[in-house]
Amino acid sequence: MSDAELILRSTRVITPEGSRPAAVAVAGGRITAVLPYDTPVPAGARIEELGDHVLLPGLVDTHVHVNDPGRTHWEGFWTATRAAAAGGITTLVDMPLNSLPPTTTVDHLRVKREVAADKAHIDVGFWGGALPDNVKDLRPLHESGVFGFKAFLSPSGVDEFPHLDHDRLARSLTEIAGFDGLLIVHAEDPGHLDAAPQRGGPRYADFLASRPRHAEDTAVAELVAQAKRLHARVHVLHLSSSDALPLIAAAKADGVRVTVETCPHYLTLTAEEVPDGASEFKCCPPIRESANQDLLWQALADGTIDCVVTDHSPSTADLKTDDFATAWGGISGLQLSLPAVWTQARRRGHGLEDVVRWMSTRTAALVGLSRKGAIEAGRDADFAVLAPDETFTVDPASLQHRNHVTAYAGKTLYGVVKSTWLRGERIHADGEFTAPKGRLLTRTP
């Protein structure tokens, strides 16, 4: 490591081979070597002694609604990427909706990239959108570097991003399969949603009944069938229904090209604890019962669920009314995802190696970011430094999100992010941030 510019040394470095004491050498923004802890430091290299704090690869969050431009009062690239950095996330992929315009044409992608260019504290990539009328735009978006295409099988909540019915899903997926792209899908069946009781009001139980599990299960089955027919790549977004897990496991065993994510709020919050009127807990699909949560954790452990992402979907506080039917649906959790998941993971007997696999290695692999997601030679020197046994109580006012609304308020969580590094530069430590150093990423062939 004679060319090393920086050495980060910790008694606990999470590598693909496991956790071990190590010295991580960095030059030119890349990891050049992962060596024994006591390897002599070359002359001229700066050393960062981390002691017993754990060195993790920076997390890769592939499901973030930044809402910029157009709804920047909900969130924006400056605030979202600062929140991400504070939480140990060094790469995010922005969803195509809730911004105006949505990322559904090459021109709209260009607008999004121009807005993000000088505001990104971490690296940022972009999803495209698949709408009923933009099949002609999918290949040009793919060629412009989006990481895949987001579609809804039920109403999205915003008029400018309509959902795909059965026939339009088939048309879009046929086009995307033609260039071996990736379709990522909000899977809830509109017929089942329409047939469910819609009472409105402040009772969480009524809201939960309005988004039944079989709405998810039916939509997942439809998506799997289409993917099998076309040999297409599909990804199930924010799975909350454990009832869909046997179908997914069978599809994977049958060679269907399907991957699945879930979210911190489904793994750490339960329907039983949601107070009536507390719409900061509202999301679609909804937070379900504790027995359902146990099965999601089991599916993570056995690989039926591939990864964990935030689905950070913020809004202004006034949209979080006490009527679950009309309140905006979305959980703000970008800054808190690592400690939230780690708090539950450690309680259930999982290690930080598991958390890294779910929240960094597999998410990077999902979108083809081969230089992200692991601490090994050749990867970008993106790191989070974590004190895993320290706790903190969530104070909404301390969050970097634009609007300080969170379902985690008042919760005591394990895992304090001490610093975050992007390509070998410390971009966050002790609540302080550097100027934006993030890059805009494109899909590589």
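Shown above is the structure to which this text applies.
Residues numbered from 1 in each chain as written. Predicted model: local features only at pLDDT ≥ 70, side-chain atom pairs only at ≥ 80, totals over all residues. Heavy atoms only, no water.

Novice: Could you give an account of the overall build of the protein, with specific residues and numbers?
Specialist: Scanning the protein for helices and strands turns up twelve helices and 17 strands. Its C-alpha atoms give the protein a radius of gyration of 21 Å, within 12% of the compact-globule value 22 Å for 445 residues. Principal-axis analysis of the C-alpha atoms gives the protein an extent of 70 × 45 × 45 Å. Counting every position in the protein, which comprises 445 residues, the buried fraction comes to 60%. Contacts spanning at least 24 positions in sequence make up 74% of the contacts within the protein whose residues lie at least 6 apart. (Helix = DSSP H or I, 4+ residues; strand = E, 2+ residues; numbered from the N terminus. Rg over C-alpha atoms; globule rule 2.2 N^0.38 Å. Buried < 20%, exposed > 50% of the residue type's maximum accessible area, 1.4 Å probe, protein only. Contact = heavy atoms within 4.5 Å.)

Novice: Requested: an account of the sheet that holds strand β6 (residues 89-94), with residues and values cited.
Specialist: Taking strand neighbours across the sheet as the criterion, the three strands line up as β5-β6-β7 in an open arrangement whose pairing is parallel. Edge positions in the sheet fall to β5 (59-64) and β7 (123-126), since each has one partner strand and no second. Averaged over all pairs of adjacent strands, the angle between strand axes in this sheet comes to 20°, irrespective of strand direction. Here β5 runs beside β6; their pairing, made up of four bridges, is parallel. Paired with V60 across the two strands is T91, which belongs to β6. Sheet strands in contact with helix α1 (residues 77-86) are β6 and β7, and its direction is about 140° off that of β6. (Pairing = 2+ DSSP bridges. Axes fitted to C-alpha atoms, helices over the stretch in contact; angles between N-to-C directions.)

Novice: Talk me through the pairing of strand β9 (residues 149-152); I want residue IDs and the actual numbers.
Specialist: The alternating pattern of β9 places F149 and A151 on one face and K150 and F152 on the opposite face, and all of these are buried. In this fold, the crossover linking strand β8 (residues 128-129) to β9 by way of helix α3 (residues 135-143) has right-handed handedness. Pairing analysis gives four bridges linking β9 to strand β10 (residues 182-186), with the strands arranged parallel. Across the sheet, F152 pairs through a bridge with H186, a residue of β10. Crossover handedness for the path β9 to helix α4 (residues 166-178) to β10: right-handed. (Right-handed = clockwise from strand over helix to strand, strands pointing away.)

Novice: Outline the sheet that holds strand β12 (residues 258-262), supporting the account with residue identities and numerical values.
Specialist: As summarised here, the arrangement of the six strands in space is β8-β9-β10-β11-β12-β13, forming an open sheet in which the pairing is parallel. This sheet does not close on itself; its edge strands, each paired only once, are β8 and β13 (307-308). Strand direction decides the pairing type here: β8 and β9, joined by two bridges, are parallel. Its bridge partner being in β9, G129 is matched across the sheet by K150.

Novice: Requested: an account of the pattern of salt bridges, with residues and values cited.
Specialist: Scanning the model with the defined rule gives 31 salt bridges in all. Across the salt bridge formed by E48 and R46, the nearest N and O atoms sit 3.6 Å from each other. Taking the relative accessible area as the measure of exposure, R46 reaches 41% and is therefore partly exposed. Residue E376 is joined to R379 by a salt bridge in which the shortest nitrogen-to-oxygen separation is 2.8 Å. By relative accessible area, which is 28% here, E376 ends up partly exposed. Accessibility expressed as a relative area gives 18% for R379, which makes it buried. When salt bridges with common partners are traced through the structure, they connect R30, D123, R371, K372, D380, D382 and R423 into a single cluster. (Salt bridge = Lys/Arg side-chain N within 4 Å of Asp/Glu carboxyl O.)

Novice: Mind laying out the packing of aromatic side chains, listing which residues take part and the relevant values?
Specialist: Applying the stated criterion across every chain yields a total of eight aromatic pairs. Site record: aromatic cluster; members linked through ring pairs are Y204, F207 and F324. Across the ring face of Y37, the terminal group of R9 is positioned such that the distance to the ring centre comes to 5.3 Å. One residue, R346, lies across the ring of Y414, its end atom 3.8 Å from the ring centre. (Phe/Tyr/Trp six-rings, centres within 6.5 Å; stacked < 30°, edge-to-face > 60°. Lys NZ or Arg CZ within 6 Å of the ring centre and 35° of its normal.)

Novice: Requested: an account of the layout of surface pockets, with residues and values cited.
Specialist: Space inside the largest pocket adds up to approximately 630 Å³. Contributing to the lining of the largest pocket are 34 residues, with S156, R211, K282, C284 and G329 lying nearest its centre. At the level of secondary structure, the elements contributing two or more residues to the lining of the largest pocket comprise β9, α5 (190-195) and α6 (204-210). Counting residues per element, the lining of the largest pocket draws most heavily on α6, which supplies three residues. Its residues assigned to classes, the lining of the largest pocket shows eleven nonpolar, 15 polar and eight charged. In this structure, the second largest pocket encloses a volume near 350 Å³. (1 Å grid on protein atoms, 1.4 Å probe; cavity = no way out; pocket = protein on both sides within 12 Å on 5 of 7 lines; lining within 4 Å. Points joined across faces, edges and corners; volume = space filled by probe spheres on them. Nonpolar A, V, L, I, M, F, W, Y, C, P; charged D, E, K, R; others polar.)

These results come straight from atomic positions and should not be treated as a statement about function.
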